[in-house]
Amino acid sequence: LLLLCCTEEAAVIVSGLKNTDVFVGESATFTCELSHPGVKNVQWWLDGSPLHNNLVTEISEQDGMIHTLTLNDVACHDSGTVTFRAGSLISSAKLLVKGILLLE
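Note that this is a predicted model, so its numbers are computed, not measured.

Q: Sorry, what's going on with the sheet that holds strand β8 (residues 80-86) here?
A: Spatially, β2-β9-β8-β4-β5 is the arrangement adopted by the five strands of the open sheet, whose pairing is mixed. Edge positions in the sheet fall to β2 (20-23) and β5 (49-50), since each of these pairs with one other strand and no more.

Q: What is the right way to read the sheet that holds strand β3 (residues 28-34) from this model?
A: The strands making up a sheet associate through backbone hydrogen bonding, with each pair oriented either parallel or antiparallel. With antiparallel pairing, the four strands of this open sheet are ordered in space as β1-β3-β7-β6. Looking at which strands have only one partner, the edges of the open sheet turn out to be β1 (13-15) and β6 (57-62). Within this sheet the neighbouring strands show an average axis-to-axis angle of 25°, counted without direction. Summarising the sheet, β1 and β3 pair through two bridges and their orientation is antiparallel. Of the residues in β3, the one forming a bridge with Ser15 is Glu33.

Q: Sorry, what's going on with the packing of aromatic side chains here?
A: To describe a pair of aromatic rings, you give the distance between the ring centres and the angle between the ring planes. Tallying each qualifying case throughout the model produces one aromatic pair. Both rings, one in Trp44 and one in Phe84, keep their centres 4.8 Å apart while their planes meet at 55°; by these two values the pair is tilted. One end of the pair, Trp44, is in strand β4 (residues 42-46); the other, Phe84, is in strand β8, and 40 residues separate them in sequence. For the residue pair Trp44 and Phe84, the accessibility class agrees, reading buried in each case. Positioned above the aromatic ring of Phe23 is the side chain of Lys98, whose terminal nitrogen or guanidinium carbon lies 4.9 Å from the ring centre.

Parameters at a glance
Think of each chain on its own: its residues are numbered from 1, step by step along the sequence as written. Only residues with pLDDT of 70 or above have their local features reported here, since the model is predicted, and side-chain atom pairs are shown and tallied only from 80 upward, although totals for entire chains, interfaces and linings are computed over all residues. Only hydrogens and water are set aside when side-chain values are computed; all heavy atoms of the structure are taken into account. Strand pairing is defined by DSSP finding a minimum of two bridges between the two strands. Each helix is a run of DSSP H or I of at least 4 residues and each strand a run of E of at least 2, with the numbering of both proceeding from the N terminus. Here an angle of 0 to 180 degrees is reported between the N-to-C directions of two axes, which are lines fitted to C-alpha atoms, with helices fitted over the stretch in contact. In this analysis, rings of Phe, Tyr and Trp, with Trp reduced to its six-membered ring, are considered paired at centre separations within 6.5 Å, and the interplanar angle assigns stacked below 30 degrees, edge-to-face beyond 60, and tilted for intermediate values. The buried label applies to any residue whose accessible area, calculated with a 1.4 Å probe on protein chains only, is under 20% of its type's maximum; exposed applies above 50%, and partly exposed to all values in between. As a reminder, the over-ring test applies to NZ of lysine and CZ of arginine, requiring each to be within 6 Å of the ring centre and within 35 degrees of the ring normal.

Structure, rendered in structure tokens:
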């Protein structure tokens, strides 16, 4: 007997964002796992600005529960707070982009 979940059980964050340090030119990946799929109004932010899928910003979703943000070719000015929001759920983490010191 397969019982479908009919109640609007509130999803929870199983695994939140982790602080990430990368060097200039690298990519930074943030992952947030929810307890079940179907959460509406999923949005990623960097320092309060909404992020959208493009060449630099890759936003993906697996099984409706694992949400991933990859920022490619990061620069120093990309350092800040990355926020994942799904409905009323919020997870945040710091992105630190480190410059590369060239020693003579």
